Structure formats: structure tokens, C-alpha cells
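# Structural overview
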Amino acid sequence: MNYWIDLFTGTTWDEFQKAGASISGFRPRMRKTVQGIQPGDILLCYLTGVMHWVGALEVVGQSDDKTRIWKDTEFPSRLKVKPLVMLSPSNGVPMKELQGKVCFYRTQADSGKFKGFVRGSPSIFKAKEDGDLILRLLRDAERSPVFKEV
């Protein structure tokens, strides 16, 4: 099992949920990468802009679904997913909580760029421990929600 980052904006996260949260999509240029993602892999959902982790999705398999989910972009490279954790942006896990705990955010100098990790998706986590930590924090946030201004 591998962890992958799945980037969303506030709008695309909302559209994904309203569409049933069962299909995640990526840009056409990511097709080969998406084809390498296996059932059982976990997509960890990061909300750009507010910089919060908001969800975890278990990959069920590849999808040829062509339903229009997102208003502004098609995201045709698709995976069928099963939500494990889905949070509102205001209850998400702030990226700043990960400083010094994950390989892509060791110090304040990594802030903003996060070593390029949050620049595109899907991208595989280099360290499984980083994915384990984020998934644990997401589950904790689901059990004990704390409102954060976004």
C-alpha cells in the first residue's frame, strides 16, 4: 500500500463531495502515474490555499467514468475511491502542524514550497511514515473536531 497526495481547491473539494465522493480525477498528463496507483493505495487530500489536509480516500480501482464532476476542469484520469475520512476545511489538519515531523517539511525554510511536494498530484509519498502520520491526524480530527478559521 502506498500513500499519494491528491490536491484540491475549496471549489473542487466541494464539487467532489457533492458528486458522491466516489471518483477522484487528475489532469490528462498524469494518466501514466494514475495507472500506477493500485487498489488499496490511499489518497491523502490536501486543500491548497487554506493549506489543510481534509481527507483520506482508499483507491478501489481505475475508472472510465466520464461524468462531469468539476465545473472548470474535466480531470479525465480517474480513480474509483472509497472515503475513509472527509473533513470540512475548517476542521482539517493544518500543514503547519507537520513542521519537523515529515520529510517534505523539516524546517520553516520548507514552508510554502514543501520541497515541491504539493505542486502536483498525484505524487507518491517518499516516506510511508509521513502518510501514516497524516492519516492518523485526519482520523483524530474526525473524532475530535476543532474549528480553525480558514
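Residues numbered from 1 in each chain as written. Predicted model: local features only at pLDDT ≥ 70, side-chain atom pairs only at ≥ 80, totals over all residues. Heavy atoms only, no water.

## Digging into the pairing of strand E1 (residues 3-8)
- Within E1, five of the six residues are buried, which leaves the element mostly enclosed by the surrounding structure.
- Bridge count for E1 against strand E3 (residues 42-47) is six bridges, and the pairing is parallel. In the strand pairing of E3, Tyr3 is matched with Ile42.
- Where E1 meets strand E7 (residues 123-124), two bridges bridge the pair, whose relative direction is antiparallel. (Buried < 20%, exposed > 50% of the residue type's maximum accessible area, 1.4 Å probe, protein only. Helix = DSSP H or I, 4+ residues; strand = E, 2+ residues; numbered from the N terminus. Pairing = 2+ DSSP bridges.)

## Side note on helix H1 (residues 10-18)
- Restricting attention to buried positions, one finds in H1 the residues Thr12, Trp13, Glu15 and Phe16. Projected down its long axis, H1 carries its buried residues within an arc of 165°, all on one side.
- With its phi angle positive at about 105°, Gly20 sits one or two positions after the end of H1. (Arc of directions from axis to C-beta.)

## Structural notes on the environment of Val34
- Positionally, Val34 belongs in helix H2 (residues 31-35).
- Distance in space between the C-alpha atoms of Val34 and Ser77 is 6.7 Å, their sequence separation being 43 residues.
- Not counting chain neighbours up to four residues away, the residues in contact with Val34 comprise Phe26, Gln62, Ser77, Arg78, Leu79 and Pro122. (Contact = heavy atoms within 4.5 Å.)

## Points about the pairing of strand E5 (residues 77-86)
- Two strands pair when backbone bridges link them, and strand E2 (residues 23-26) and E5 are joined in this way by four bridges, in the antiparallel orientation. Bridging from a neighbouring strand, Ser24 pairs with Leu79 of E5.
- Sheet topology places strand E4 (residues 52-63) next to E5; eight bridges connect them, and they run antiparallel. By the bridge assignment, Ala56 is partnered in E5 with Val85.

## Notes on the side chain of Ser121
- By the secondary structure assignment, Ser121 is in the loop between strand E6 (93-94) and E7.
- Among the polar contacts listed, one links the side chain of Ser121 to the backbone nitrogen of Leu7, at a separation of 3.1 Å.
- Excluding its chain neighbours within four sequence positions, the residues that come into contact with Ser121 are Ile5, Asp6, Leu7, Phe26 and Met30. (Polar contact = N/O pair within 3.5 Å; in protein donor to acceptor, adjacent residues only side chain to side chain.)

## Some remarks on the nonpolar core
- Counting 25 residues, the largest nonpolar core has Leu44, Trp53, Met95, Leu98, Phe104, Phe125 and Leu138 as the members making the most contacts within it.
- Elements with a minimum of two residues in this core: E1, E3, E4 and helix H3 (128-143).
- For this core, the leading source of residues is H3, giving six residues.
- With residues up to four places along the chain from it excluded, the contact list for Leu138 reads Leu44, Trp53, Val54, Gly55, Ala56, Val85, Leu87 and Val93.
- Within the second largest apolar cluster, 21 residues are counted, among which are Met30, Ile37, Leu57 and Ile69. (Core = buried A, V, L, I, M, F, W, Y, C linked by side-chain atoms within 4.5 Å.)

## Quick look at the packing of aromatic side chains
- The final tally for this structure, using the stated rule, is 11 aromatic pairs.
- Ring centres of Phe8 and Trp13 lie 5.0 Å apart, and the angle between their planes is 75°; on these two criteria the pair is classed as edge-to-face. Pair check on accessibility: Phe8 and Trp13 agree, each one buried.
- An angle of 90° between the planes, with centres 5.3 Å apart, marks the rings of Trp70 and Phe75 as edge-to-face.
- Looking at Trp70, the relative accessible area reads 2%, which means it is buried.
- The exposure class of Phe75 is buried, given its relative accessible area of 14%.
- Following the ring pairs from residue to residue traces out a cluster consisting of Tyr3, Tyr46, Trp53, Phe104, Phe117 and Phe125. (Phe/Tyr/Trp six-rings, centres within 6.5 Å; stacked < 30°, edge-to-face > 60°.)

Structural measurements only, silent on function.
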